[in-house]
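# Remarks on the overall topology
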Protein chains: 2
Amino acid sequence: MPSAPSVQRSRSAWSLVLCALMLLLFAGCASVKPDPLPSWNEGSTKQAIIAFVAKVTTPGTPAFVPLPERIATFDNDGTLWAEQPFYSQGLFILERVKVLAPQHPEWRTKEPFASVLKGDLKGALAGGDKAILELVAATSMGMSTAEFDALVRDWIATARHPRFNEPYTAMVYTPMVELLAYLRANGFKTFIVSGGGMAFMRPWTEKVYGVPPEQVVGSSGKTQFEILGGVPVIMRLADPGFIDDGPGKPVGIETHIGRRPILAFGNSDGDLQMLQWTAGGSGARFMGIVHHTDAVREWAYDTDASVGKLSPATLDQARARGWTVVDMKRDWAVVFPFQAPQAAHR
Amino acid sequence: MPSAPSVQRSRSAWSLVLCALMLLLFAGCASVKPDPLPSWNEGSTKQAIIAFVAKVTTPGTPAFVPLPERIATFDNDGTLWAEQPFYSQGLFILERVKVLAPQHPEWRTKEPFASVLKGDLKGALAGGDKAILELVAATSMGMSTAEFDALVRDWIATARHPRFNEPYTAMVYTPMVELLAYLRANGFKTFIVSGGGMAFMRPWTEKVYGVPPEQVVGSSGKTQFEILGGVPVIMRLADPGFIDDGPGKPVGIETHIGRRPILAFGNSDGDLQMLQWTAGGSGARFMGIVHHTDAVREWAYDTDASVGKLSPATLDQARARGWTVVDMKRDWAVVFPFQAPQAAHR
């Protein structure tokens, strides 16, 4: 039976060939890395991000940054999610005014409430910071943290954006969500540092951005520990507390993180000091600004915006210091997760 | 040549025996787990800790807690490191007064400085909170965060404890450092929540406890972002800010973490509200109190302590609610890392 050994030999040969093929495929798979930022169009912006991450994560090089120091901070409104036609938290507050109005007949003639109830946002905000604080106090304070948490969870699960008719958790920028994940995959700890209310963001940032509550820094009112009927609660007081905006952002970073970021991303004048603080550290740094240039897929605004103003002085400083300015229309293949991706369209 | 196949067979047999032996050894190694808390004596306290961790980390059981919610908070002074004869930060401040005295001739006759310079701690503290704030302002404020950080790093690297003549970073409780590591190995995120100054702890907690700056919550004064000569700095102002003690601890936890701990450890009345807040959550909880009962290896103190007072009311509440009270003398095989371990010695 001379055929048996020959079959065996040919089987062995086939096995060898198969193994070699698998090894080749394997090596091929390993060398063709998937694009970590598929929602970013090819170009200098995407290159700058990838080059920075490669630089600080390559051991043995001068720019290498040890894991614990890879701190990245992101503004929220206008940087991670949409802020037009108005901050989402503002829309939440206006809706709360309407819900609570039957219990407050006096609001029909009292500003800023009267304007809100007439749908006149401009009139309501004419009272400036005082009017805003009054609206916040009336809608978001004088309750426990657990009660406020429940209100936010309910709103975020049900409310819809006025222009896109999508839930607010879909009004996030796909390229930025990708960037957060890419940074974390490279050992970064990602933080949100926002002028928005800390307690307004924390109920949903973990699910939407992968950023846990303890990595969300924001504005907050004073709170107080109490025991009510044997149950410990933390009450939200009407006293203003900390405003995490402008020069407040480096303060918020120092208070909550205690380390200087090596990468920071913002989109407006309120982020300038965070970017300056980040830039002021030694070693490799990345400062990014999202410039809203896409009136079709999102909005185009900067100098004259009523919300998220980005002045020429800030843009000039960014360009002079070599910060990366994202041109949304040019650099992003997709803006929102509910839109179809497209190549650079100009 | 009949010997060749026979040698081959015996080699195969030996290989089989060896493989089987190795497998058995391997299985043996895997089943004999090393003690995760070797510095804790066997007994109900150690059992309670290990049983709690096993309970919340076993998937598919009612008490299972998902990874992101495994938050553990620890007081620092008297819980993780020694607080006798006086808080370490107090000793740091007293030393700073002496260093700065030549620049302040008026301190020789002005309280609380005069008492400090005479070595009369009791006299210096007779002025209460006002005196303490004055000492803090004079020694730790009016400088940038970077300058204060450098002062603390220098002090912690050189100062020695008055009784044990050891650096303060060796004045930590080995069983508690072990517990922090054990919790982290089981997916917990460990936080410090201390009445001490946040900026006083952050320069060394990562190295000593494995707790990074962003997981250190503490008291803090107001700070302010400034650009001095083109360089961005954060200045420490003399204005009092947040006191992370007593009812301030749940507030600090909510502000910095935004999640309720499932395990908390303290040692004094100032930790009571943190323990109540932790206990008030749903699901499995662990509340621990370090009771200082060992006058030989450390100190024995509670009700009458000038620092770290633990009143009978707090101990009664702990016992009534089934919290775990660590009897340092009985439960700890070793207190400080520079002492030789010993079995329970009573």
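Residues numbered from 1 in each chain as written. Chains lettered and ligands numbered in written order. Predicted model: local features only at pLDDT ≥ 70, side-chain atom pairs only at ≥ 80, totals over all residues. Heavy atoms only, no water.

## Overview of the overall build of chain A
For chain A, the count of helices and strands is 13 helices and 10 strands. Sorting the 346 residues of chain A into buried and exposed places 50% on the buried side. Contacts in chain A between residues far apart in sequence, at least 24 positions, make up 65% of those at least 6 positions apart. On chain A, roughly 16000 Å² of surface is accessible, and the fraction owed to carbon and sulfur atoms is 61%. (Helix = DSSP H or I, 4+ residues; strand = E, 2+ residues; numbered from the N terminus. Buried < 20%, exposed > 50% of the residue type's maximum accessible area, 1.4 Å probe, protein only. Contact = heavy atoms within 4.5 Å. Areas by Shrake-Rupley, 256 points an atom, 1.4 Å probe, with all protein chains shown as cover.)

## Brief notes about the interface of chain A and chain B
Taken together, the 32 residues of chain A in the interface contact 32 residues of chain B. Buried area between chain A and chain B, summed over both chains or domains, comes out near 2600 Å², and the portion from carbon and sulfur atoms is 57%. With a closest N to O distance of 3.0 Å, Glu206(B) and Arg259(A) form a salt bridge. The interface formed by chain A and chain B contains 16 residue pairs in polar contact (both at pLDDT 80 or more). Listing elements by their share of the side of chain A that touches chain B, those giving two or more residues are strand E3 (189-197), helix H9 (198-209), strand E5 (223-228), strand E6 (231-236), helix H10 (248-256) and helix H11 (272-279) of chain A. In terms of residue class, the side of chain A that touches chain B is made up of 16 nonpolar, 10 polar and six charged. (Buried area = accessible area lost by both parts, 1.4 Å probe. Salt bridge = Lys/Arg side-chain N within 4 Å of Asp/Glu carboxyl O. Polar contact = N/O pair within 3.5 Å; in protein donor to acceptor, adjacent residues only side chain to side chain. Nonpolar A, V, L, I, M, F, W, Y, C, P; charged D, E, K, R; others polar.)

## A few points about the relation of the copies chain A and chain B
Take chain A, turn it by 180 degrees, move it 0.0 Å along the axis, and it overlays chain B with an RMSD of 0.0 Å. In symmetry terms, the pair is related by a two-fold rotation axis. When each C-alpha of chain A is compared by its distance to the rotation axis, His256(A) comes out closest, at 3.2 Å. (Least-squares fit on C-alpha atoms with pLDDT ≥ 70 in both.)

## Points about the sheet that holds strand E2 (residues 143-144) of chain B
Taken in spatial order, the three strands of this open sheet run E2-E6-E5 (chain B), and their pairing is antiparallel. For this open sheet the edge positions go to E2 and strand E5 (223-228) of chain B, each flanked by a neighbour on one side alone. (Pairing = 2+ DSSP bridges.)

## Side note on the packing of helix H10 (residues 248-256) of chain B against helix H11 (residues 272-279) of chain B
How two helices sit against one another is set out by the angle between their axes and by the gap between those axes. Residues and elements named next belong to chain B. Their axes nearest at 7 Å, the elements H10 and H11 cross at an angle of 55 degrees. Between H10 and H11, the angle falls in the class oblique. Contacts between H10 and H11 pair Lys249, Pro250, Ile253 and Glu254 from the former with Gln273, Met274 and Trp277 from the latter. Its residues assigned to classes, the contact of H10 with H11 comprises four nonpolar, one polar and two charged. (Axes fitted to C-alpha atoms, helices over the stretch in contact; angles between N-to-C directions. Parallel < 35°, antiparallel > 145°, perpendicular 65-115°, else oblique.)

## With respect to the pairing of strand E10 (residues 324-327) of chain A
Residue and element names in this part refer to chain A. Here E10 shows no split at all, with Thr324 and Val326 on one side and Val325 and Asp327 on the other all buried. Relative to E10, strand E8 (residues 286-293) runs parallel, the two sharing four bridges. Pairing of Val290 across the sheet is with Val326, part of E10.

## A closer look at the environment of Leu135(B)
Residues and elements named next belong to chain B. With respect to the helices and strands, Leu135 occurs in helix H6 (residues 128-140). Residue classification places Leu135 among the buried residues on the basis of a relative accessible area of 4%. Note: C-alpha distance between Leu135 and Arg96 (39 residues apart in sequence) is 9.3 Å. Sequence-distant contacts of Leu135, defined by excluding residues within four places in its chain, comprise Ile93, Val97, Pro112, Phe113 and Val116.

## Notes on helix H8 (residues 174-185) of chain A
Residue and element names in this part refer to chain A. An ideal rise of 1.5 Å per residue puts 16 Å on 12 residues; H8 measures up with 16 Å between its terminal C-alpha atoms. Taken together, the buried positions of H8 are occupied by Thr174, Pro175, Met176, Glu178, Leu179, Leu180, Tyr182 and Leu183. Contact partners of the buried residues in H8: helix H2 (44-57), strand E1 (71-74), E3, H9, strand E7 (263-266) and E8. Immediately downstream of H8, the backbone of Gly187 shows phi near 85 degrees, a positive value. (Expected span 1.5 Å × (residues − 1).)

## Points about the side chain of Asp294(A)
Residues and elements named next belong to chain A. Of note, Asp294 is situated in the loop between E8 and strand E9 (300-301). Owing to a relative accessible area of 0%, Asp294 belongs among the buried residues under this scheme. A polar atom in the side chain of Asp294 sits 2.6 Å from the side chain of Arg297.

## Describing the pattern of salt bridges
This model, assessed by the stated rule, comprises 22 salt bridges over all chains. Close ionic contact of Lys46(B) with Asp35(B) constitutes a salt bridge, the shortest N to O distance being 2.6 Å. With Lys46(B) in helix H2 (residues 44-57) and Asp35(B) in the loop between helix H1 (3-31) and H2, this pair connects stretches of sequence that are 11 residues apart. Judged by relative accessible area, which is 36%, Asp35(B) ranks as partly exposed. The shortest N-O distance in the salt bridge between Lys249(B) and Asp75(B) comes to 2.9 Å. Taken together, the residues Lys249(B) in helix H10 and Asp75(B) in the loop between strand E1 (71-74) and helix H3 (88-100) connect sequence positions 174 residues apart. The pair Lys249(B) / Asp75(B) is uniform in exposure class, with both members buried. Taken together, the shared-partner salt bridges connect Lys189(A), Arg259(A), Glu206(B) and Glu214(B) into one network.

## Brief notes about unusual backbone geometry
Here the amide bond leading from Glu111(A) into Pro112(A) is cis, since omega sits at 0 degrees, within 30 degrees of zero. Following the sequence through the fold, Pro112(A) ends up in the loop between helix H3 (88-100) and helix H4 (113-117). The peptide bond linking Gln84(B) to Pro85(B) adopts the cis configuration, its omega dihedral lying at 0 degrees. With respect to the helices, strands and loops of the structure, Pro85(B) is situated in the loop between E1 and H3. Within the chain, Asn165(A) stands out as a residue other than glycine whose phi angle is a positive 50 degrees. Tracing the backbone shows Asn165(A) in the loop between helix H7 (145-158) and H8.

## Here's the deal with the sheet that holds E5(A)
Ordered by their spatial adjacency, three strands build an open sheet running E2-E6-E5 (chain A), and the pairing between neighbours is antiparallel. Where the open sheet ends on each side, the last strands, each with one partner, are strand E2 (143-144) and E5 of chain A.

## Some points on the packing of H3(B) against helix H7 (residues 145-158) of chain B
All names here are of chain B. H7 packs onto H3 with a crossing angle of 105 degrees between their chain directions and a minimal axis gap of 11 Å. Between H3 and H7, the crossing angle belongs to the class labelled roughly perpendicular. Residues Ser88, Leu91, Phe92, Glu95 and Arg96 of H3 form the contact with H7, whose participating residues are Phe148, Leu151, Val152 and Trp155. Class assignment of the residues belonging to the contact of H3 with H7 gives a composition of six nonpolar, one polar and two charged.

## Remarks on the pairing of E5(B)
Side-chain positions along a regular strand alternate between the two faces of the sheet. Residues and elements named next belong to chain B. Inspection of the sheet shows E5 paired to strand E6 (residues 231-236) by six bridges, in the antiparallel sense. Along E6, the bridge assignment pairs Gln224 with Met235. The turn joining E5 and E6, which pair antiparallel and follow one another in sequence, is formed by two residues; a positive phi near 55 degrees is taken by Gly229.

## Focus on the packing of aromatic side chains
Each aromatic ring pair is characterised by the separation of its centres together with the angle its planes make. Applying the stated rule across the entire model yields 42 aromatic pairs over all chains. Ring plane angle 80 degrees and centroid distance 5.7 Å describe the contact between Phe92(A) and Trp155(A), whose orientation is recorded as edge-to-face. Placement of Phe92(A) in helix H3 and of Trp155(A) in helix H7 is noted, with a sequence separation of 63 residues between them. Taking the relative accessible area as the measure of exposure, Phe92(A) reaches 1% and is therefore buried. Relative accessible area serves as the criterion here: at 4%, Trp155(A) is assigned to the buried category. Members of the aromatic cluster, joined through ring pairs, are Trp81(A), Phe92(A), Phe148(A), Trp155(A), Tyr168(A), Phe200(A), Trp204(A) and Tyr209(A). Over the aromatic face of Trp299(B) sits the side chain of Arg163(B), whose NZ or CZ is 4.8 Å from the ring centroid. Between Arg260(B) and the ring centre of Trp277(B), over which it is positioned, the NZ or CZ distance is 3.6 Å. (Phe/Tyr/Trp six-rings, centres within 6.5 Å; stacked < 30°, edge-to-face > 60°. Lys NZ or Arg CZ within 6 Å of the ring centre and 35° of its normal.)

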